[in-house]
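Chain by chain, the residues run as shown.
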Amino acid sequence: MATSSNFEPRIDAYIAKAKPFAQPILIHLRELVHKACPNVVESIKWSRPFFEYKGVILGNMSAFNEHCSFGFWGEEIGAVLREASIIQDGGMGSLGRITSVKDLPSNRQMLGLLKQSAAFIDSGNYTSPIAARNKVVKAPKAELEIPAEFTKALKANKKAAKVFADFSSSCKREYIEWIAEAKREETRDKRITQAVEWIAEGKQRNWKYQNC
């Protein structure tokens, strides 16, 4: 097993006690987490391994008699997983029942998702599942007005216009906010051009995190 100053000895022991089929899965998941987020801190909560970043939970993994599980934490990364149809039923975590490393998304995709999860924490855009269950219900966000220049650019590209129309509200909002946040006209125009190009390719605003 690889060594790291951030590796928790209790998790070493957890893996060592796991069923033989589970050990390579847990080792692999652990290494992916550390590769994607070198500053992650390991801990044991509720008798299973957890990974924390900047004081909040990034994810956790568990081993059972016949399968393993891995859970991404955060309502925001959860929305990304649902949008990409990655969430699987049949297990405690986000990825369903994992019986071998082959059951996991590709290393590239896993690293991208883990990096995006950490990016949500960096930006302060993180809501824990526990907090989400207990928070006061608020009115939905007001629908953003699409900048006229963006609308014009979409109309000029039929493929991009169709893809954008099929996007979920959250995906549309990500693009609209990104464009609206531009302070200079030149920056806004560049973002509109880039957005139309990505949308025509079926890409969400944060597609780089999903495929890197």
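Residues numbered from 1 in each chain as written. Predicted model: local features only at pLDDT ≥ 70, side-chain atom pairs only at ≥ 80, totals over all residues. Heavy atoms only, no water.

A. Structural view of the overall build of the protein. Within the protein one finds 10 helices and 4 strands. What you see in the protein, going N to C, is helices and strands ordered as α-α-β-β-β-β-α-α-α-α-α-α-α-α. The buried share of the protein, taken over its 212 residues, is 43%. Residue pairs in contact within the protein that sit at least 24 positions apart in sequence constitute 60% of those at least 6 positions apart. (Helix = DSSP H or I, 4+ residues; strand = E, 2+ residues; numbered from the N terminus. Buried < 20%, exposed > 50% of the residue type's maximum accessible area, 1.4 Å probe, protein only. Contact = heavy atoms within 4.5 Å.)

B. Fine view of the nonpolar core. Ranked by size, the top nonpolar core spans 38 residues in total, and within it M61, F70, F72 and L95 carry the most contacts. Secondary-structure elements contributing two or more residues to this core are α1 (9-17), α2 (22-36), β2 (48-53), β3 (56-63), β4 (68-72), α3 (75-83) and α4 (107-123). For L95, the contacting residues outside a window of four places in its chain are F70, F72, I86, Q88, L104, P105 and M110. (Core = buried A, V, L, I, M, F, W, Y, C linked by side-chain atoms within 4.5 Å.)

C. How the structure looks around the side chain of E52. Along the chain, E52 turns up in strand β2. Of the residues examined, E52 reaches a relative accessible area of 17% and is grouped as buried. A distance of 2.8 Å separates the side chain of E52 from the side chain of S43, its partner in a polar contact. The residues contacting E52, other than those within four sequence positions of it, are N39, V40, V41, S43, K45, I57 and L58. (Polar contact = N/O pair within 3.5 Å; in protein donor to acceptor, adjacent residues only side chain to side chain.)

D. Broad picture of the packing of aromatic side chains. Per the counting criterion, the structure on display carries 8 aromatic pairs. Both rings, one in F167 and one in Y175, keep their centres 6.3 Å apart while their planes meet at 10 degrees; by these two values the pair is stacked. A relative accessible area of 12% places F167 in the buried class. Aromatic pair W178 and W198: ring centres 5.8 Å apart, planes at 15 degrees, arrangement stacked. Taken together, the positions of W178 in helix α8 (residues 169-180) and W198 in helix α9 (residues 185-200) put the pair 20 residues apart, joining distant regions of the chain. (Phe/Tyr/Trp six-rings, centres within 6.5 Å; stacked < 30°, edge-to-face > 60°.)

E. Quick look at the packing of α3 against α4. Here α3 crosses α4 at 145 degrees, and the two axes come no closer than 9 Å. Crossing angle aside, the handedness with which α3 passes α4 is right-handed. Mapping the contact onto sequence places E76, I77, V80 and L81 in α3 and L113, Q116, S117 and F120 in α4. Among the residues forming the contact of α3 with α4, the class breakdown is 5 nonpolar, 2 polar and 1 charged. (Axes fitted to C-alpha atoms, helices over the stretch in contact; angles between N-to-C directions. Left-handed = near helix turned anticlockwise from the far one by under 90°. Nonpolar A, V, L, I, M, F, W, Y, C, P; charged D, E, K, R; others polar.)

F. Layout of α8. With 12 residues, α8 should cover 16 Å at 1.5 Å per step; its first-to-last C-alpha distance of 16 Å lies within 8% of that length. Here α8 has its buried residues at C171, R173, Y175, I176, W178 and I179. Elements that come into contact with the buried residues of α8 comprise α3, α6 (148-155), α7 (158-166) and α9. (Expected span 1.5 Å × (residues − 1).)

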